Amino acid sequence: EKRDVVKVRGPKEDVDKCHKYLTKLVKELNESSYMLEVPIYKQFHKFIIGKAGANIRKIRDETQTKIDLPAEGEKSDVIAITGKKENVEEAKDRILKIQNELANIVTEEITIPPKFYNSLIGAGGKLIHSIMEECGGVAIKFPSADSNSDKVTVRGPKDDVMKARQQLMELTSERQLTSFTAKVRANPQHHKFLIGKSGANIKKIRDLTGARIVFPTDKDEDKETITIYRKAGVCGDGQGRAGGHHQGDCEYSRRISMFNWSHLVPALAFWYLELDNIVESEMVVEPKHHRHFVARRGEVLHRISDECGGVMISFPRPGVVSDRVVLKGAKDCIDLAKLRIQEIVEDLESMVTIECIIPQRHHRTVMGVKGFKVQGVTQEFDVHIKFPDRDAQEEYYNHQSTDGEIETQVNGDVEQEVAEPVRVCDVIRITGKKEKCEAAKQALLDLVPITI
C-alpha cells in the first residue's frame, strides 16, 4: 500500500533537524509544482524560443519556472509551465504577450444558418477539425444547440481567420453541402505516404477532384478510417476527371474500374498510383549510435520522418545485434532520409565528453528545483549532462591539470589544491560538440554559489 508518511528514526536532536529540513523541502516542492498548460499557435513557438533559445531561457531564468514545449513533429500546440503559481502566471503572460505582438489575434463572428452546422462539423467533428488545422490552428466555435444563434466564432491570427472564414462560407452554400461522402480504410502506417511531404499528395488530390480528405487523429479510436468529403459537380466528364488526358491513362482507367464511386475514385486512384512509388531500402548505422535515434520515444526518428515525406524508419529492436536500418517510402524521400541520418551520425562521431568538477555539496543548487536549471543548460547548448552517484566518495585520480595537480572548481575558478582531492561524486560529465560542451561547462560553473 502506498503511503505519504515518511518515518525518521534516530537521536532526538538529529530527528528534529531532519524533520524540520524535510518539512521545509516538501513545502518548497509543493509551492513549485503548480502547472499550467498554455495553447500557443504552433507557428509562433520558434519566436518564443528565440535565437539559440535566448527568449525562452530569459523567461525561465527571470520567472524561475520550468517551461516545456512540444517536440518537433508533435501536433500539440500546448506549452506547459511549472513552478510557483505567481511565477507561472508571469511566465504565461510573457509568452502570450510575444504571441499577441506577432500574431495580431482577432475574433470574428460569421453568420451561418444552424441547419448547416451538422454538415460543417462532419461526423465526429472530423471536417471542422480539418479546417481548423489547415487554417493554422484557429479556434472555431459553434453556438450551443439550444441557443438558436446563427453566429459562429473564429479566433486566431488575422490571415488564418480570414482563410477559415472563406472556407466556411464556401461550404455553407447549397451546392457545396450537396456532397458525397465516403470512408476508406487504410493501414495507419501508410497514412504518411498517402499524405506526402507537407501534404503534397493531398493537395494534388484536392486540386484534381475538389475532395477534402480527413485522416484520423491521435484522439480517434478508429485509426484506419479516412473520410472523404466531395462536393457535387466538380468534374465535367462524370468520371472524376479534371478534363484532358495524361500519361498512364489506361492504368488510371483500370484502377478506377476497381471501384464503384463515380466521383470519389479519382482521389483513391491517385493514392494507389502514388503508392506504386514506395520502395524498401537499407543503410548501415553503427549500433553505438542507435540509442540517439530511438530515445525519447523515437523523437529524432519522428522528426526525420516528418521532414522526409513520412518515410518509415526501423532500427533493430533492443537485444538484436545488427547495424541494418530499414527505410520504406517513396524513393526520393528515402534518399533524403538516408542523407539526414548520415549527417546526424557524422555529428555524433564528432561528439566529445568532458568533465566539470563541482563539489558534490553544490550539485542540488546547480540542478535547481526538479532539475529546471540543468535542463535549461542542456536545451540551450544541446548537450547531455550526467551527474555522478552522490555515494561515490572515493578519490578520483584521472582528472589532472597540465602540471599534474588535481583541479577543483570553486565558483567557476580553477584552483590548484592538494589538500582537498577530487572525489568521484564531484565529477559531472558533459557530452556533445566540443565547443558547446565547453560553453555548457562554464554555464554550470556559473550556477555554483559564491563562497566568501
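To be clear, the structure that these remarks concern was listed above.
Residues numbered from 1 in each chain as written. Predicted model: local features only at pLDDT ≥ 70, side-chain atom pairs only at ≥ 80, totals over all residues. Heavy atoms only, no water.

**Some points on the overall build of the chain**
Across its full length, the chain holds 17 helices and 17 strands. Here the chain holds 452 residues, and the buried ones make up 39% of them. Of all intrachain contacts in the chain linking residues separated by at least 6 positions in sequence, the fraction that spans at least 24 positions is 69%. Carbon and sulfur atoms provide 51% of the accessible area of the chain, an area that totals close to 27,100 Å². (Helix = DSSP H or I, 4+ residues; strand = E, 2+ residues; numbered from the N terminus. Buried < 20%, exposed > 50% of the residue type's maximum accessible area, 1.4 Å probe, protein only. Contact = heavy atoms within 4.5 Å. Areas by Shrake-Rupley, 256 points an atom, 1.4 Å probe, with all protein chains shown as cover.)

**Describing the nonpolar core**
One finds I112, I131, V138, I140, V154 and L168 to be the most contacted residues of the largest nonpolar core, which totals 21 residues. Those elements that provide at least two residues to this core are α5 (117-121), α6 (126-134), β6 (151-157) and α7 (158-172). Those residues in contact with V154, other than ones at most four positions away along the chain, are V106, T107, E108, I110, V138, A139, I140, V161, A164 and L168. (Core = buried A, V, L, I, M, F, W, Y, C linked by side-chain atoms within 4.5 Å.)

**Observations concerning the environment of A211**
Examined against the element boundaries, A211 turns out to sit in strand β8 (residues 211-214). A relative accessible area of 1% means that A211 is categorised as buried. With 30 residues separating them along the chain, A211 and T181 place their C-alpha atoms 9.3 Å apart.

**Overview of the packing of aromatic side chains**
Scanning the model with the defined rule gives three aromatic pairs in all. Ring geometry for Y117 and F142: centres 5.1 Å apart, planes at 70°, overall edge-to-face. In this pair, Y117 sits in helix α5 while F142 sits in the loop between β5 (139-141) and β6, placing the two residues 25 residues apart along the sequence. We note that Y117, like F142, is buried. Relative to F315, the ring of F293 lies with its centre 5.0 Å away and its plane at 25°, an arrangement referred to as stacked. (Phe/Tyr/Trp six-rings, centres within 6.5 Å; stacked < 30°, edge-to-face > 60°.)

**A look at the pattern of salt bridges**
Counting across every chain of the model gives 17 salt bridges. Note that R423 and D426 form a salt bridge whose closest N and O atoms lie 3.1 Å from each other. R423 gets classed as partly exposed once you look at its relative accessible area, which sits at 25%. With a relative accessible area of 6%, D426 lands in the buried category. Linked through salt bridges whose partners overlap, the residues forming this network are E62, E90 and R94. (Salt bridge = Lys/Arg side-chain N within 4 Å of Asp/Glu carboxyl O.)

**As for the sheet that holds strand β17 (residues 427-432)**
One open sheet holds the three strands; their spatial order is β13-β17-β14, and the pairing between them is antiparallel. The sheet is open, and its two edges are formed by β13 (352-357) and β14 (384-386), each paired on a single side. Across the sheet, the axes of successive neighbouring strands diverge by a mean angle of 25°, strand direction being ignored. In this structure, β13 lies alongside β17, joined through six bridges in antiparallel fashion. Paired with C356 across the two strands is I428, which belongs to β17. Sheet strands touched by helix α17 (residues 434-446): β13, β14 and β17. Its angle to β13, the strand with the most contacts, is close to 15°. (Pairing = 2+ DSSP bridges. Axes fitted to C-alpha atoms, helices over the stretch in contact; angles between N-to-C directions.)

**So, the packing of α6 against α7**
Where α6 contacts α7, the two axes come as close as 9 Å, and the packing angle between them is 150°. When the interaxial angle is binned, α6 and α7 end up roughly antiparallel. Remark: the crossing between α6 and α7 carries right-handed chirality. Contacts between α6 and α7 involve I128, I131 and E134 from the first element and K163, Q167, L168 and L171 from the second. Within the contact of α6 with α7, the residues separate by chemical class into four nonpolar, one polar and two charged. (Parallel < 35°, antiparallel > 145°, perpendicular 65-115°, else oblique. Left-handed = near helix turned anticlockwise from the far one by under 90°. Nonpolar A, V, L, I, M, F, W, Y, C, P; charged D, E, K, R; others polar.)

In short, geometric facts, not functional conclusions.
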